[in-house]
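Architecture and fold: a report
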Amino acid sequence: MRKLKNSELGRLDVENFKKAEKIPLIIILDNIRSLNNVGSVFRTSDAFLVEKIYLCGITATPPNKEIHKTALGATESVEWEYVEETIDVVNKLKEENVEVYAIEQVEDSIMLQDFSVDKNKKYAIVMGNEVKGVQQEVVSACTNSIEIPQFGTKHSLNISVSTGVVLWDIFSKMRY
């Protein structure tokens, strides 16, 4: 077994990424403090062909060298937009018939493994602040909430890890 060289991976360049068909999924970052987490979400969004990222509230925006450290150029490939209030993005997307789900632990949440996608619909997921999670006002405005099952002693996962887990799950349900 031999490790593949980057040149053997068949990855898209930025121009072709922008032309590529994306999965019908939007990510909304609700007041993310860590620039490394923001960069990681960009990089993961690039990997799974996410349509767009909304950066809201205190979430930093590119260009930024701290974001770049983990994004590794994905801020150039993935479409993004800054909007001050997360609730405004949620309401706008819902008016456009996008199903918006908070990734949060709430009453009657849908466990990730039980979440099913309709391939004829567009979705958005809201990822919350590292300490406070998704704002209650935003949770209340969402279509519903998806929860990542956890079995250990900790109450939550890092936002970049949560995003990776959820994106892979949704991507695999949309593409396979």
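All values reported here derive from a predicted model rather than from experimental measurement.

1. Thoughts on helix 5 (residues 86-95)
- Within the sequence span of helix 5, burial applies to Thr 86, Ile 87, Val 89, Val 90 and Leu 93. One face of helix 5 carries all of its buried residues, which in axial projection span an arc of 160 degrees.
- At the exit of helix 5 stands Asn 97, carrying a positive phi of roughly 65 degrees.

2. Section: unusual backbone geometry
- Across the junction of Pro 62 and Pro 63, the peptide omega takes the value -5 degrees, indicating a cis bond.
- In this structure, Pro 63 sits in the loop between strand 2 (50-56) and helix 3 (65-71).
- Positive phi outside glycine occurs at Leu 72, with the angle close to 50 degrees.
- Tracing the sequence through the fold places Leu 72 in the loop between helix 3 and helix 4 (74-77).
- Phi is positive for Asn 97, close to 65 degrees, though the residue is something other than glycine.

3. Considering the pairing of strand 7 (residues 144-147)
- The sheet contact formed by strand 4 (residues 99-103) and strand 7 spans three bridges and is parallel. Note that in strand 7 the partner of Ile 103 across the bridge is Ile 146.

4. A closer look at the side chain of Ser 109
- Tracing the backbone shows Ser 109 in the loop between strand 4 and strand 5 (110-111).
- A polar contact of 2.7 Å, which involves the side chain of Ser 109, links it to the side chain of Glu 147.
- Those residues in contact with Ser 109 that sit more than four places away from it in its chain are Glu 104, Asn 144, Ser 145 and Glu 147.

5. So, the packing of helix 2 (residues 35-47) against helix 7 (residues 159-175)
- Their axes nearest at 9 Å, the elements helix 2 and helix 7 cross at an angle of 15 degrees. Comparing their axes, helix 7 and helix 2 come out roughly parallel. Where helix 2 crosses over helix 7, the handedness of that crossing is right-handed. Residues Asn 37, Ser 40, Val 41, Thr 44 and Ser 45 of helix 2 form the contact with helix 7, whose participating residues are Ile 159, Ser 160, Thr 163, Gly 164 and Leu 167.
- Residue composition of the contact of helix 2 with helix 7, by class: three nonpolar, seven polar and no charged.

6. A look at the nonpolar core
- Judged by nonpolar contacts, the single largest core of 35 residues is most densely connected at Leu 25, Ile 27, Leu 29, Phe 42, Ile 53, Ile 125 and Ile 170.
- Within the residue set of this core, elements represented by two or more residues are strand 1 (23-30), helix 2, strand 2, helix 3, strand 4, strand 6 (123-127) and helix 7.
- Ranked by the residues each element gives to this core, the list is headed by helix 7, at six residues.
- In contact with Ile 125, not counting residues within four places along its chain, are Leu 25, Ile 26, Ile 27, Ile 28, Tyr 101, Ile 103, Val 166, Leu 167 and Ile 170.
- Counting 19 residues, the second largest nonpolar core, distinct from the first, contains Ile 28, Cys 56, Val 83 and Ile 87.

7. Focus: the sheet that holds strand 3 (residues 80-83)
- Ordered in space as 3-2-1-6-4-7-5, the seven strands form an open sheet in which the pairing is parallel. Edge positions in the sheet fall to strand 3 and strand 5, since each of these pairs with one other strand and no more.
- By the bridge criterion, four bridges tie strand 2 to strand 3 in an arrangement that is parallel. Each bridged residue has a counterpart across the sheet, and for Leu 55 the counterpart in strand 3 is Tyr 82.
- The sheet contacts of helix 2 involve strand 1, strand 2 and strand 3, and relative to strand 2 the element is tilted by about 165 degrees.

Reading the values: the criteria
- Throughout, a residue's number is its position along its own chain's written sequence, starting from 1.
- This being a predicted model, a pLDDT of at least 70 is required before a residue's local features are given, and a value of 80 or more before pairs of side-chain atoms are given or counted; all residues contribute to the totals for chains, interfaces and linings.
- Hydrogens are left out, water is left out, and the side-chain values use all remaining heavy atoms of the structure.
- For each residue, the accessible area found with a 1.4 Å probe, counting protein chains only, is set against the maximum for its type, and the residue is called buried under 20%, exposed over 50%, and partly exposed in between.
- Each helix is a run of H or I in the DSSP string that is no shorter than four residues. Each strand is a run of E no shorter than two, and both are numbered from the N terminus.
- Relevant arc is that of directions from the helix axis to the C-beta atoms, nothing else.
- Two strands pair if DSSP finds at least two bridges between them.
- Each polar contact in these results corresponds to two N or O atoms within 3.5 Å; when the atoms are within protein, one needs to be able to donate a hydrogen and the other to accept it, and residues that are neighboring in sequence are counted only if both atoms are side-chain atoms.
- When checking whether two residues touch, look at their non-hydrogen atoms; a contact exists if any pair is within 4.5 Å.
- Axis definition: a line fitted to C-alpha atoms, limited for helices to the stretch in contact. Angles are taken between N-to-C directions and run from 0 to 180 degrees.
- To sort the angles, those under 35 degrees are grouped as roughly parallel, those over 145 as roughly antiparallel, those from 65 to 115 as roughly perpendicular, and the leftovers as oblique.
- Crossing handedness is read from the near helix: turned anticlockwise from the far helix by less than a right angle, it gives a left-handed crossing, and turned clockwise, a right-handed one.
- Residues were grouped as follows: Ala, Val, Leu, Ile, Met, Phe, Trp, Tyr, Cys and Pro as nonpolar; Asp, Glu, Lys and Arg as charged; and all remaining residues, including Gly, as polar.
- Here, the term nonpolar core denotes a set of buried Ala, Val, Leu, Ile, Met, Phe, Trp, Tyr and Cys residues that are joined through side-chain atoms within 4.5 Å.

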